[in-house]
Each structure stands twice: as structure tokens, then as C-alpha cells.
Amino acid sequence: MTYQEILEKARECIGPYCKACPVCNGIACKNKMPGPGAKGMGDTAIRNFAKWQEIRVNMDTICENSVPDTSIELFGKTFRYPFFAGPVGALNLHYGDRYDDLSYNDVMLKTCAANGIAAFTGDGTNPDVMVQATKAIGQVEGRGIPTIKPWNIETIREKMALCKESGCFAMAMDIDAAGLPFLKNMTPPAGSKSVEQLREIIQMAEVPFIVKGIMTVKGALKALEAGAAAIVVSNHGGRVLDQCPATAEVLCEIVDALKCSTMKILVDGGIRNGTDIFKALAMGADGVLICRPFVTALYGGGEIGVSTYIEKLAGELSDTMAMCGAGSIAEITRDMVWL
């Protein structure tokens, strides 16, 4: 299947909200929730995409003629490419009934692992979502990252027990999910965490812990203080707060603030192709997450759809590296992009 064919197939079954657009830029689905859209006017999701497009790459072909090495290492694991499938939840609500959270995670994890990358899994109010997600992670020898919502500590402890059983090589928490409606007014309370509370959660994990949803230097330093092994510069795809900066606008200052630490920095939000991935790496990210297009790929072609999208991203990244003079991920530097 071609990527265009995958999009056409996705439109037949992805539900009434997502339009499986040729370019997933947040415009067609802005402020539509349920659906893949964003909170408020949808300004943040649209801005995420647009700001990556304003950054340009600096072509330089006076260099060694070789096939670029796109591999990276993260927490002792080697991956073929520096990108990961981001976590997604409530599939039936947002994307239609062809897949639910359980079947989606199963297909996504297996396909990503087979193609040399890893998938983050989502979380939800249905406890079976985490049960099935961690079971699927176990079936791919721990090459998946379960993402836990910022529930109350008792619920987090229960979900972490499942994560540990899966043998996952890392865990994550999308701390910005505190802005999602279903987390509000829960008993016991769920939502935002203090540095002290986050430190307790991270120590409980006993594996490298990733804090997703960092948008400021201040927030990054708090995550570092709490003991996080990595952060994801993310505004939850614009879904939790309108009028935020784009992730591309804050990435460099966060990278610069953490340059003396060993913390890994990932980024998501509007990254849609291999050239965008290159830009993020040049600005200092260690890797990127992509979410919505992976959903479309899976709905449009199942395992073949996901594999095709991974190959598309990989080819675009490799081509950009070659045309900008980077023989490996480590050779990508900030002067290779025009900010």
C-alpha cells in the first residue's frame, strides 16, 4: 500500500471526527472534542505544525558520500530510528470503532517493535486498557513504554505493578493530562503533581522515568529535580490548553538549560515527516514522538499501514541527513537548520 492509499482507506473507517487529512495540521479538526482536535479554538495544535514549517534545513553536500546511520540508543536499548509512536487513548470515542484501546495497542506495539522502534501506550478510565497494554509490551520483550495518567497515588501504584510485570524498559507519565476533563473532580484527587509527589512516583518506577508535558525551562528543571531520566517537550497536542506556544518555539531554550545534565529530551507536537524529525534533532532533541498520523496509518492499513508510515519517515529522515551532511544522528547539529 502507498501512504496515499492508507489515508483513503482510513477515511472509510476512522469515524466522524478525524478527516485523515493529507497533511495532519490540526485545521480540519480544530476545537472538535471528541475527536483528534484540540481544546478551545484549536490554536495550539495548529501552531505546533506551523512552527516546524517555519524552520528550514541548511543543505550541504560537500561531505562524505555514505548512507546515514539513523540509529539511536535510549536507556540501554538500540533503536533503528530516533522516533517513536506516541500514546493514544479512548480510540472508540475519538477515532471510531474499528479499534479499541486494547486492539490498537496490540497492533501498534508489535509493528513498531518489528520495525526497530518502540511505541508508547496510552491509559484511560477503563482499567483493562493498562492491563492489555502492559500484556502487549510483555509480548514484545518489553520494547514499549507504558504511559500512566497523573491519577492519585494508589491508582498509580496499581498501574505501575502491571508495568513492572511487562518488563518495560522505561515508564512515562503525561503530566499535562491533568487538564483532561475526566481527571477533574476525582476521589481520591488526581491531576497536577508537586516535585515531591513526582519524586515519589519516579522512585516507585525502578526503571528510567519519562515526564511528558514539559513546556518551560522551569518545568524541565522541576522534572530534573524530581529525578526524571527524560522529558517530552509537549503540550499534549494542544488538547489540554489553548493559546500555548508551539513545542518548536520552546525546544531550544529547554535543551540549552539542560545541557549540563544527562537528562534525555524528546519532543512531540506537529512533527509529521522525516524533515521535521531532523529539525528537532538539530535543535537538540534526542528523539521525537509522533501520535495522530500513526493512528491514521493503523486505521488505514493495520500493520502494513504502520510499517509504511515508518518507512516513509525513515526515508525522509535519511535523505535530509544525507543532503545536509550528517552521517549519523550524533553528527546532526544546530547549524544544520535555519531558525
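Before going into details, it helps to say that this report is about the structure given with it. In this numbering scheme, every chain counts its residues from 1 along its sequence in written order. The predicted nature of this model means local features are confined to residues of pLDDT at least 70 and side-chain atom pairs, given and counted, to a pLDDT of 80 or more, with totals for whole chains, interfaces and linings taken over all residues. Excluded from the side-chain calculation are hydrogens and water; included are all heavy atoms of the structure.

As for the pairing of strand β6 (residues 144–148)
Then comes step 1: Across the five residues of β6, five count as buried, placing the element largely inside the fold.
Then comes step 2: Exposure categories follow from relative accessible area, calculated using a 1.4 Å probe and restricted to protein chains: below 20% of the type maximum is buried, above 50% is exposed, and the middle band is partly exposed. Only DSSP runs of H or I covering at least 4 residues are called helices, and only runs of E covering at least 2 are called strands; the numbering of each starts at the N terminus. Burial of β6 is two-sided: the residues Gly144, Pro146 and Ile148 facing one way and the residues Ile145 and Thr147 facing the other way are all buried.
Then comes step 3: Note: strand β5 (residues 119–121) against β6, three bridges, orientation parallel. Looking at β6, one finds that Thr121 is bridged to Pro146.
Then comes step 4: Remark: the β5/helix α5 (residues 127–139)/β6 crossover connection has right-handed handedness.
Then comes step 5: DSSP calls a pair of strands paired once it identifies at least 2 bridges connecting them. Bridge count between β6 and strand β7 (residues 171–174): two bridges; the pairing is parallel. Each bridged residue has a counterpart across the sheet, and for Ile148 the counterpart in β7 is Met173.
Then comes step 6: Handedness of a crossover: with both strands directed away from the viewer, a clockwise path from the first strand across the helix to the second marks it as right-handed. Where the polypeptide runs from β6 across helix α6 (residues 153–166) and back to β7, its parallel neighbour, the crossover connection is right-handed.

Section: unusual backbone geometry
Then comes step 1: Residue Pro34 is reached from Met33 by a cis peptide bond, and omega for that bond is 10°.
Then comes step 2: Within the fold, Pro34 resides in the loop between α1 (3–11) and α2 (43–54).
Then comes step 3: Despite not being glycine, Asn31 shows a phi value in the positive range, around 50°.
Then comes step 4: Relative to the helices and strands, Asn31 is located in the loop between α1 and α2.

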